[in-house]
Amino acid sequence: TPIATISLAADSIKSPVINSNPDKVKRFADIIKQENKRMLEQVEKVLQMAKFDRENLNLKLSQVDIHAVITQAVNNISLQVSQKEGTVEAKLDAGKYMIEADENHISNIIHNLLDNANKYTPEKPQIKVYTKERSDGIEITIQDNGIGLSKEAQKHIFEKFYRVHTGNLHDVKGFGLGLSYVKALVTAHSGMVSVKSDLGKGSRFILKFPFTQPKQ
């Protein structure tokens, strides 16, 4: 996904309409830089997945502004979504949004779920991200209007190497690691992830994170 976004941004910069506007060139150059950084992090993600079965993950905890993370992720995916004549928007209502977390991994979780929402919505994606403050933490919902998941698929979606059958949707590629990574990292943050979906109507992924991590 980062490679595809970099390609789109590079093509956009080559357009005479864009390259004559310094502000737009800067925006696309920033996207290229951010997505290149994320591509490096994706490599790290695959390596981390290889380690999960052998040892515990050491999180680099700090105070993370989850609203800032979501805003950045929404901005990054918006270029791909707009190519499909879709929209992505954030409705960030949580009054308390600083959480103790590993910012790199939390960013990857949000990016991953937004990537999936876009990939599994063939036409005109309508992607929405909501946050809600709870007594014990923050709840994040990522909603799409895509192909949805069967009840059987929902049982296995977070298993390593599980791939959902997408029928004629041949352009959806991957290794089936994304959601197992999400599940592993959410669990490592003492959080929860669940999915609610109907075939042909879209999916909602719900994340819950505590404000602070329990003492070891």
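Residues numbered from 1 in each chain as written. Predicted model: local features only at pLDDT ≥ 70, side-chain atom pairs only at ≥ 80, totals over all residues. Heavy atoms only, no water.

## Focus: the environment of Phe158
1) Next: Structurally, the position occupied by Phe158 is in the loop between helix 6 (151-156) and helix 7 (178-188).
2) Next: Note: C-alpha distance between Phe158 and Leu179 (21 residues apart in sequence) is 5.1 Å.
3) Next: Not counting the four nearest positions on each side in its chain, Phe158 is found in contact with Leu179, Ser180, Lys183, Val193, Val195 and Phe205. (Helix = DSSP H or I, 4+ residues; strand = E, 2+ residues; numbered from the N terminus. Contact = heavy atoms within 4.5 Å.)

## What about the pattern of salt bridges?
1) Next: A complete count under the given rule lists 7 salt bridges for this structure.
2) Next: The partner of Asp30 in a salt bridge is Lys26, and the shortest N-O contact between them spans 3.0 Å. Here Lys26 and Asp30 lie together in helix 3 (residues 22-52), a separation of 4 residues that amounts to about one turn.
3) Next: Looking at Lys26, the relative accessible area reads 51%, which means it is exposed.
4) Next: Among the ionic contacts, a cluster of salt bridges with common partners joins Glu35, Arg38 and Asp115. (Salt bridge = Lys/Arg side-chain N within 4 Å of Asp/Glu carboxyl O. Buried < 20%, exposed > 50% of the residue type's maximum accessible area, 1.4 Å probe, protein only.)

## Section: the packing of aromatic side chains
1) Next: According to the stated counting rule, one finds 0 aromatic pairs in the structure shown.
2) Next: Sitting over the face of the ring of Phe28, Arg27 holds its NZ or CZ atom 5.3 Å from the ring centroid.
3) Next: Its guanidinium or amino end placed over the ring of Phe211, Lys96 lies 4.3 Å from that ring's centre, counting from NZ or CZ. (Phe/Tyr/Trp six-rings, centres within 6.5 Å; stacked < 30°, edge-to-face > 60°. Lys NZ or Arg CZ within 6 Å of the ring centre and 35° of its normal.)

## Things to note about the pairing of strand 4 (residues 126-134)
1) Next: Where strand 2 (residues 87-92) meets strand 4, 6 bridges bridge the pair, whose relative direction is parallel. For Leu92, the partnering residue across the bridge sits in strand 4 and is Thr131.
2) Next: Bridging between strand 4 and strand 5 (residues 137-143) involves 7 bridges; their strand directions are antiparallel. Following the sheet pairing, Arg134 is matched in strand 5 by Gly137. (Pairing = 2+ DSSP bridges.)

## Details of helix 7
1) Next: Inspection of helix 7 places Leu179, Ser180, Tyr181, Val182, Leu185 and Val186 among the buried residues, and these make up the whole buried set.
2) Next: Just beyond helix 7, the residue with positive phi is Ser190, at close to 60°.

## Description of the sheet that holds strand 6 (residues 192-198)
1) Next: The 5 strands are arranged 2-4-5-7-6 in an open sheet whose pairing can be described as mixed. Among the strands making up the open sheet, the edge pair consists of strand 2 and strand 6. Strand-to-strand twist of the sheet, defined as the mean angle between neighbouring strand axes without regard to direction, takes the value 15°.
2) Next: Each of strand 2, strand 4, strand 5 and strand 7 (202-210) is contacted by helix 5 (residues 103-119), which is oriented at about 170° to strand 7, the strand it contacts most. (Axes fitted to C-alpha atoms, helices over the stretch in contact; angles between N-to-C directions.)

## Digging into the nonpolar core
1) Next: Among the nonpolar cores identified, the biggest contains 38 residues, and Ile99, Ile109, Leu114, Ile140, Leu207 and Phe209 are the most heavily contacted of them.
2) Next: Mapped onto this core, the elements with two or more residues apiece are helix 4 (66-83), strand 3 (98-101), helix 5, strand 4, strand 5, helix 7, strand 6 and strand 7.
3) Next: When neighbours within four sequence positions are excluded, Ile140 is seen to be in contact with Ile66, Ile70, Ile110, Val129, Tyr130, Thr131, Phe205, Ile206, Leu207 and Phe209.
4) Next: Core analysis: the next-biggest nonpolar cluster, separate from the first, contains 5 residues, Ala9, Ile18, Phe28 and Leu79 among them. (Core = buried A, V, L, I, M, F, W, Y, C linked by side-chain atoms within 4.5 Å.)

## Quick look at the packing of helix 1 (residues 2-14) against helix 4
1) Next: At a closest axis distance of 10 Å, the pairing of helix 1 and helix 4 adopts a crossing angle of 75°. Here helix 1 lies roughly perpendicular to helix 4, going by the angle between them. Contacts between helix 1 and helix 4 involve Ala4, Thr5, Leu8 and Ala9 from the former and Asn76, Leu79, Gln80 and Gln83 from the latter.
2) Next: A per-class count over the contact of helix 1 with helix 4 returns 4 nonpolar, 4 polar and no charged. (Parallel < 35°, antiparallel > 145°, perpendicular 65-115°, else oblique. Nonpolar A, V, L, I, M, F, W, Y, C, P; charged D, E, K, R; others polar.)

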